[in-house]
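# Chains, contacts and geometry: an overview
Okay, here's what each chain looks like letter by letter:
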Amino acid sequence: MPLVNVTVNQRTYAIACDEGEEEHLGELAVYVDSKVGELLGKVGQVGEQRLMLMAALLIADTHFETLALVEKRAQEIAALTETKEDLARRLAQLEEQAVVALDGAAKRLDELAVRVGRA
């Protein structure tokens, strides 16, 4: 299992990860470090543990907001799918009504043709 050195808040940590995950772990560390940097700019140095906890809470908040947005979009997609099915049913009904109307019109035209032929 490879070890990756990552730096957060100017401290380097050796973190184990699965083979091939080194780059991804580095990207995650950069993201966490950016959140810590944002907090440092807002609240200053409030202690390593508190700073890391605050960064974790901000990241968790973003995660939950993203999950809620994904759920909302999934519901919207489901509603669109239902609407699509409703439209398909409605189209089939309208086609059936059109066929009935055209059949009726054809019969009336046939009747008119017969009457005109007799006249």
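Remember, it's a predicted structure, so these values are computed and weren't measured experimentally.

### Structural notes on the pattern of salt bridges
In this structure the tally under the stated criterion is three salt bridges. With a closest N to O distance of 3.2 Å, Glu76 and Arg73 form a salt bridge. Linking Glu76 with Arg73, this pair stays in helix H2 (residues 48-118), spanning three residues, or about one helical turn. Exposure remark for Glu76: the relative accessible area of 35% places this residue in the partly exposed category. The shortest N-O distance in the salt bridge between Asp86 and Arg89 comes to 2.4 Å. Here Asp86 and its partner Arg89 are both found in helix H2, three residues apart, which amounts to about one turn of the helix.

### Structural notes on unusual backbone geometry
With a phi angle near 55 degrees, Asn9 is a residue other than glycine that sits in the positive phi range. With respect to the element layout, Asn9 can be found in the loop between strand E1 (3-8) and strand E2 (11-16). One non-glycine residue with positive phi stands out, namely Gln10, at about 65 degrees. Among the structural elements, Gln10 can be located in the loop between E1 and E2.

### What about the environment of Ala74?
By secondary structure assignment, the location of Ala74 is in helix H2. It is 34 Å that separates the C-alpha atoms of Ala74 and Glu19, two residues lying 55 residues apart in sequence.

### A few points about H2
Here H2 is 71 residues long and its end C-alpha atoms lie 104 Å apart, about the 105 Å a rise of 1.5 Å per residue gives. Within H2 the residues assigned to the buried category are Leu51, Ala55 and Gly104. Elements that come into contact with the buried residues of H2 comprise helix H1 (22-43).

### Overview of the side chain of Asn9
Judged by its relative accessible area of 10%, Asn9 falls in the buried class. A polar contact of 3.1 Å, which involves the side chain of Asn9, links it to the side chain of Glu48. Residues contacting Asn9, with those up to four places away along its chain left out, are Asp33, Val36, Leu40, Gln45, Glu48, Leu51 and Met52.

### Remarks on H1
Here H1 contains 22 residues, and its C-alpha end-to-end distance of 31 Å stays within 8% of the 32 Å for a straight helix at 1.5 Å per residue. Here the buried face of H1 lies against E1, E2 and H2. A positive phi of about 80 degrees marks Gly44, the residue just after H1.

The rules behind each value
- Residues numbered from 1 in each chain as written.
- Predicted model: local features only at pLDDT ≥ 70, side-chain atom pairs only at ≥ 80, totals over all residues.
- Heavy atoms only, no water.
- Salt bridge = Lys/Arg side-chain N within 4 Å of Asp/Glu carboxyl O.
- Helix = DSSP H or I, 4+ residues; strand = E, 2+ residues; numbered from the N terminus.
- Buried < 20%, exposed > 50% of the residue type's maximum accessible area, 1.4 Å probe, protein only.
- Expected span 1.5 Å × (residues − 1).
- Contact = heavy atoms within 4.5 Å.
- Polar contact = N/O pair within 3.5 Å; in protein donor to acceptor, adjacent residues only side chain to side chain.

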